[in-house]
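# Fold and geometry: a report
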Amino acid sequence: MKKLSARRRHPLAAVVVLLLALAATGGLYATFAPADKAQADTTAQSLAIEEGKKLYAVGCASCHGTGGQGTSDGPSLVGVGAAAVDFQVATGRMPAATSQGAQVPKKKNIYSQAEIDQLAAYIASFGAGPEIPTEEQYGPQGADIAEGGELFRNNCAQCHNFTGKGGALTKGKYAPPLDGVDPKHIYEAMQTGPQNMPSFPDTTLTEQNKKDIIAYLDAVNSSDTENPGGMSLGGLGPVVEGLFAWIFGLGVLIAVAVWVAARTAKAKKS
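Residues numbered from 1 in each chain as written. Predicted model: local features only at pLDDT ≥ 70, side-chain atom pairs only at ≥ 80, totals over all residues. Heavy atoms only, no water.

## Quick notes on the confidence of the model for the chain
- Residue-level pLDDT values for the chain average 84, and 77% of them are 70 or greater.
- Within the chain, helix α1 (residues 2–8) has the poorest average pLDDT of any element, 51, and helix α9 (residues 183–192) the best, 97. (pLDDT = per-residue confidence, 0-100. Helix = DSSP H or I, 4+ residues; strand = E, 2+ residues; numbered from the N terminus.)

Here it is, written out as structure tokens:
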């Protein structure tokens, strides 16, 4: 007993006890803290879904059905994912006007970003779909502009024009201009294929491909970018350039021909 008592009074005994207590506390925190965090995340997600359900009932259910199954006035939302909701609502395309034309246009949105996130959480609960991308996915870091230009010309320029100025489609539809569009929305459009646009999932265009295309569009539509060809005529392509050449070029030729004929007639009279 005397030996045990002596060990307890050893100068290092208090330090050893303190270290053991800290180790036990750290172990308990590592064991229980992740569970608490996961529970908090689950609770926050549940609250977002509940709030989103209320917003959906007011602004979306009349066209898309109470459970997102779709109606004659709106398509099913099962499996569209949060990315599709963020794109359509944040760009003001949804909710659509009651009298729809050939295509739902972009307009000022009526929801805050927090409300859009709640709507997205609720609609995503209908079925798995593309998630809202992070800034790391669509940001310019690590993007290859030259590769993005080649990908854009091969996959997108047929509708959007080679610099993203937009273009006409059939039956009153159109490919909207892409200058000034939020990079996140361009990424979401490629991922989900809104309206007349085909979708480009990661199996078709990888995450890096999408990043490269967004970087290319930012470069060609930047106000700091100089056009080595001179006047761009709006960057609308060969139709506009041909029309310009036809009207002004042919006009100059006609003017010259009239001038020559007038001088020839005057010379003959003299």
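Here the narrative resumes, following the displayed structure.
## Considering the state of the cysteines
- For the structure shown, the criterion picks out zero disulfides.
- The thiol sulfur of cysteine 63 is not disulfide-bonded, and the nearest other cysteine sulfur, from cysteine 60, lies at 8.7 Å. (Disulfide = S-S within 2.5 Å.)

## What to know about the pattern of salt bridges
- This structure, assessed with the given rule, holds four salt bridges.
- Here aspartate 86 makes a salt bridge to lysine 184, at a shortest N to O gap of 3.2 Å. Remark: lysine 184 occurs in helix α9 and aspartate 86 occurs in helix α4 (residues 81–90); sequence separation between them is 98 residues.
- Taking relative accessible area as the criterion, lysine 184 reaches 13% and is therefore assigned buried.
- Residue lysine 210 pairs with aspartate 202 through a salt bridge whose shortest N-O separation is 2.9 Å.
- Given the relative accessible area of 39%, aspartate 202 is considered partly exposed. (Salt bridge = Lys/Arg side-chain N within 4 Å of Asp/Glu carboxyl O. Buried < 20%, exposed > 50% of the residue type's maximum accessible area, 1.4 Å probe, protein only.)

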